[in-house]
Amino acid sequence: MIELIRKLSNAHGVSGFEDEIRDIIKAELEGYADEIKMDSMGNLIATRNGSEFELMLAAHMDEIGFVVKKIDDKGFIRIAPIGGWFSQIALAQRVVLYGKQKVYGVIGCKPPHLMKEEERKKAIEISDMFIDVGAKSKEDVISLGIDVGTPVAVDREVAVLANRRITGKAFDNRVGVAVAIEAFRKSKSDATLYFVATVQEEVGLKGAKTSAFALDPDVAIAIDSCVAADFPGSESAQMDITLGKGAVITVIDASGRGLIVSQPVFRWLKETAEKYRIPYQLEVAEGGTTDATAINLTKSGIPAGVVSVPARYIHSPVEVVDMGDVESAVELVARASENAKDYFRVRK
Ligand SMILES: [Zn+2]
C-alpha cells in the first residue's frame, strides 16, 4: 500500500492538468474493471458490472499547484496559484513545469543576508514569488516549451517516518485515491460499482458534479483526506481528529454549507465500522468540503457520504498520514460498498 501511495503521490496532476496521474490510476485499475473510460471533463471512470443497484466511489486526483502567468526578459517566471495555498509554504520549493517536456525549477527566495529586519517578519505573497528554471532569457524559457498557462507542480518524494507514518506531497488526495483503488479491488459487492477519479476538486468540485450527473448512482462515497488537529498549534480548532485513531466519517463539513450527511448515510457508515470493528472517528468541520457535496446536490439528490484519512499539514509538501488510518479507510469503504443495499434502494 505504501508503494501505491508513493507512485500516486510522487506523480503530478495540478487541477485541470491531470494527464500524468490519470494514466497511472488507469494502469492500477486494469484487470479490476469491466470498462475504464475518460469523460469530456477528464474524469477517469472505472465500472465493474453488477446488479441494478449502483454505487459510486469518488476520489479527486487533482492537486493544488500553480500556472505560469508571465515570463520576464531575464527568464524568471511569475505564477498564479491553483487551489488553496498558504503563501509561505510555496516559498523555496522545487517544482516541475509541464511544458512540452518536464522542466525542473525552484521558487526563488531572498536569502536572509539581503533582508532588512522588517522584511524578515513579513509574509511574502505568491504574486511576489518567481520560478527560476536556470534560463538566461525569456526566449530561453520559451525554448524549453514553457509558456503562459503551463502548469507547475511541487516536486517532493514520499518518505517513511516512524510508527508507520509517511510524508509527502499531494496526500490530499492521492492517499484517498489509493484507498479508493484498493477498496474497489477488494470489494465483494454484487452491486454495479463505479470508481471515479475526479478532476478539479480543489477548484470547485467540478469533476464530481458532471460525473455524478452522468452516472446518477443510488448512493456515493467520496474518499478524501481531512485535517488532523493533533499537532502543536492546532488545539484552537477544538477538533478531536487524531492521527492513528482510524478512518474519519464526516457528519458535517464547511459548517453545513458543504455537506450535512443524511441520517441513512451516517448510520450506514457508522454501523459498518462498528460491525467490522474498524477504528473510526467522527468529524464536524467548519472549513473545507469534498466531492460528496457536489454529488449530493446532483439531479434529485444522491445520498452521499465521506470517508477520509486524517492528514497533518494538509495542502503542504510535507503532509503526514498514518498507514493504520489508511488501512481502516480501505476496510470501511470496501465493507460499506458490500452492505449498501441493506440501507438504500434502487432509485430509478
Ligand atoms: Zn481533497
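Rules behind the numbers
Residues numbered from 1 in each chain as written. Predicted model: local features only at pLDDT ≥ 70, side-chain atom pairs only at ≥ 80, totals over all residues. Helix = DSSP H or I, 4+ residues; strand = E, 2+ residues; numbered from the N terminus. Contact = placed C-beta atoms within 7 Å. Pairing = 2+ DSSP bridges. Domains from an automatic or database assignment. Nonpolar A, V, L, I, M, F, W, Y, C, P; charged D, E, K, R; others polar. Buried ≥ 20, exposed ≤ 12 C-beta atoms within 10 Å, placed from the backbone. Core = buried A, V, L, I, M, F, W, Y, C linked by C-beta atoms within 7 Å. Axes fitted to C-alpha atoms, helices over the stretch in contact; angles between N-to-C directions.

K.L.:
Can you tell me about the overall build of the protein, naming the residues and giving the values?
P.N.:
Counting its secondary structure elements, the protein contains ten helices and 17 strands. Look at the contacts in the protein between residues 6 or more apart in sequence, and 77% of them connect residues 24 or more apart.

K.L.:
Any chance you could break down unusual backbone geometry for me, citing the residues and the numbers?
P.N.:
Of note, the bond from D172 into N173 is cis; its omega dihedral lies within 30 degrees of zero at 20 degrees. Tracing the sequence through the fold places N173 in helix α6 (residues 171–186). Even without a glycine there, the phi angle at L205 is positive, about 55 degrees. Among the structural elements, L205 can be located in the loop between β12 (192–198) and α7 (206–215).

K.L.:
Describe the sheet that holds strand β8 (residues 131–132), naming the residues involved and giving the relevant values.
P.N.:
Read around the closed barrel, the six strands follow the order β4-β5-β8-β7-β6-β9; overall the barrel is antiparallel. With five bridges connecting them, strand β6 (residues 94–98) and strand β7 (residues 102–107) associate as antiparallel partners. If you follow V95 over to β7, its bridge partner there is G105.

K.L.:
How would you summarise the domain arrangement of the protein if you had to cite specific residues and measurements?
P.N.:
Taken domain by domain, the protein consists of domain 1 (2–63 + 169–342) and domain 2 (65–154). One C-alpha centre belongs to domain 1, the other to domain 2; they are set 31 Å apart. Each side of the interface is counted separately: domain 1 has eleven residues, and domain 2 has 13 residues. Here the residues of the side of domain 1 that touches domain 2 are counted per class, giving four nonpolar, four polar and three charged.

K.L.:
Describe the pairing of strand β1 (residues 35–38), with residues and values.
P.N.:
In the sheet, β1 pairs with strand β2 (residues 44–48) via four bridges, with the strands oriented antiparallel. Paired with I36 across the two strands is A46, which belongs to β2. Where β1 folds back onto β2 in an antiparallel hairpin, the turn is made up of five residues, including G42, whose phi is positive at roughly 105 degrees.

K.L.:
Please set out the environment of R174 residue by residue, giving values where relevant.
P.N.:
Counting through the fold element by element, R174 comes out in helix α6. Residue classification places R174 among the buried residues on the basis of 31 C-beta atoms within 10 Å. When the C-alpha atoms of R174 and N10 are compared, they prove to be 9.2 Å apart, with 164 residues separating the residues in sequence. Sequence-distant contacts of R174, that is, excluding residues within four places in its chain, are made with I5, L8 and S9.

K.L.:
Explain the nonpolar core to me, and be specific about the residues and the numbers.
P.N.:
Among the nonpolar cores identified, the biggest contains 75 residues, and L57, V179, A180, A220 and V333 are the most heavily contacted of them. Broken down by element, this core gets its largest block of residues, nine residues, from α6. In this view, A220 contacts M56, A58, A212, A292, I295, I302 and A304; residues no more than four positions away in its chain are not counted.

K.L.:
Please provide a residue-by-residue account of the sheet that holds strand β13 (residues 219–227), values included.
P.N.:
Strand order in the open sheet made by the eight strands is β1-β2-β12-β3-β13-β16-β14-β15, with mixed pairing throughout. Whereas interior strands pair on both sides, the edge strands pair on one side only; in this sheet they are β1 and β15 (280–284). With strand direction ignored, the average angle separating the axes of adjacent strands in the sheet is 25 degrees. In the sheet, strand β3 (residues 54–60) pairs with β13 via four bridges, with the strands oriented parallel. By the bridge assignment, L57 is partnered in β13 with I221. The sheet contacts of helix α2 (residues 19–29) involve β1, β2 and β12, and relative to β2 the element is tilted by about 10 degrees. Each of β3, β12, β13, β14 (247–252), β15 and β16 (304–311) is contacted by helix α10 (residues 323–339), which is oriented at about 165 degrees to β16, the strand it contacts most.

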